[in-house]
Amino acid sequence: MRSYEAATRIDAGPDEVWRHLVDVGSWRDWDSGVDRVEGRVALGERLTLYATMIRSRPFPVTVTELRPGEAMRWRGGLPLGLAVIERTYLLDRQDDGGTVLTVREDQTGPLAWVTERSTPDLNPSFRQFCAGLKARAERSAQRPA
């Protein structure tokens, strides 16, 4: 199994962070590692992620878990579970009103080596994503209502 992970503390509540996380159409506005995301975030829906580091290979996934303000999980990979790519976005509410965001991807299955070989190190991209979401959520949380 191969895994990638990044986390950051955000000075905004989980609902504010969630609002930006599920607005995948705006990701390119705050995360330069994403060209675009096609589809809509809903349980069972299909999304296609176009990342700048692998422009030649879109990343199609299905939304397999949605817990507003807490977690979103996507699943992709090869047919029949031969290689499974699972990406999870977790929001952990902090006692002071902030949020810890964790982004993790696990690649498993008998043919996971196929996806592992063709996937660059995603840790820098995940750190960039966390930093972008942090800046966006903190900026919007500071605006007067």
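Above this text sits the structure in question.
Think of each chain on its own: its residues are numbered from 1, step by step along the sequence as written. Only residues with pLDDT of at least 70 are given local features in this predicted model, and only at 80 or more are side-chain atom pairs given and counted; all residues enter the totals for whole chains, interfaces and linings. Water and hydrogen atoms play no part in the side-chain values, which are based on all heavy atoms of the structure.

A. Layout of the pairing of strand 4 (residues 59-67). A strand pair is defined by DSSP finding two or more bridges across the two strands. Put simply, DSSP marks the helices as runs of H or I at least four residues long and the strands as runs of E at least two long, and each gets a number from the N terminus on. Looking at chain direction, strand 3 (residues 46-51) and strand 4 are connected through four bridges and run antiparallel. Paired with R46 across the bridge in strand 4 is T62. Across five bridges, strand 4 lies against strand 5 (residues 71-78) in antiparallel orientation. Within the sheet, the bridge partner assigned to L66 lies in strand 5 and is M72. Linking two consecutive strands that pair antiparallel, namely strand 4 and strand 5, is a turn of three residues; a positive phi of about 75 degrees is found at G69 within it.

B. How the structure looks around the pattern of salt bridges. Any carboxyl oxygen of Asp or Glu that lies within 4 Å of a side-chain nitrogen of Lys or Arg is treated as forming a salt bridge with it. Applying the stated rule across the entire model yields 13 salt bridges. The partner of E45 in a salt bridge is R40, and the shortest N-O contact between them spans 3.6 Å. Salt bridges linked by common partners bring E65, R67, E70, R73 and E86 together as one network.

C. Inspection of the sheet that holds strand 1 (residues 2-10) at higher detail. Pairing is antiparallel in the open sheet, where seven strands are placed in the order 1-7-6-5-4-3-2. This sheet does not close on itself; its edge strands, each paired only once, are strand 1 and strand 2 (34-38). Strand-to-strand twist of the sheet, defined as the mean angle between neighbouring strand axes without regard to direction, takes the value 20 degrees. Sheet topology note: the strand 2/strand 3 ladder contains four bridges and is antiparallel. Bridging across to strand 3, E38 finds its partner in T48. The contact rule is simple, with two residues in contact once any of their heavy atoms fall within 4.5 Å. All axes are obtained by fitting lines to C-alpha atoms, using only the stretch in contact for helices, and the reported angles, taken between N-to-C directions, cover 0 to 180 degrees. Strands in contact with helix 1 (residues 14-21) are strand 1, strand 4, strand 5, strand 6 (83-93) and strand 7 (99-108); relative to strand 6, the strand with the most contacts, it is inclined by about 145 degrees.

D. Expanded view of the environment of V22. Inspection of the secondary structure assignment puts V22 in the loop between helix 1 and helix 2 (27-30). Sequence separation between V22 and S118 is 96 residues; the distance between their C-alpha atoms is 27 Å. Leaving out residues up to four positions away in the same chain, V22 has contacts with V41 and M72.

E. A look at the side chain of R87. Tracing the sequence through the fold places R87 in strand 6. The exposure class assigned to R87 is buried, which follows from its relative accessible area of 8%. Contacts described as polar in this section are N or O atom pairs within 3.5 Å, which, within protein, must combine one atom able to donate a hydrogen with one able to accept it, while residues neighboring in sequence count only if both atoms come from side chains. At 2.6 Å, the side chain of R87 forms a polar contact with the side chain of E105. Residue contacts for R87: discarding those within four places in its chain leaves L49, F59, M72, R73, W74, R104, E105, L122 and F126. Only protein chains enter the accessibility calculation, which uses a 1.4 Å probe; a residue whose area is less than 20% of its type maximum is buried, one above 50% is exposed, and one in between is partly exposed.

F. View of the packing of helix 1 against helix 4 (residues 123-142). For the pair helix 1 and helix 4, interaxial distance at closest approach is 9 Å and the crossing angle is 120 degrees. Between helix 1 and helix 4, the interaxial angle falls into the category oblique. Crossing of helix 1 against helix 4: the hand is right-handed. Touching E16, V17, R19, H20 and L21 of helix 1 are F129, L133, R136, A137, S140 and A141, all from helix 4. Just so you know how the angles are binned, under 35 degrees is roughly parallel, over 145 roughly antiparallel, 65 to 115 roughly perpendicular, and the rest oblique. Should the near helix be turned anticlockwise from the far one by less than a right angle, the crossing is termed left-handed; should it be turned clockwise, right-handed.

G. Highlighting unusual backbone geometry. Phi is positive for L80, close to 60 degrees, though the residue is something other than glycine. Tracing the backbone shows L80 in the loop between strand 5 and strand 6. Note on L80: relative accessible area 83%, which makes it exposed.

Keep in mind that these numbers describe shape and distance, not what the molecule does.
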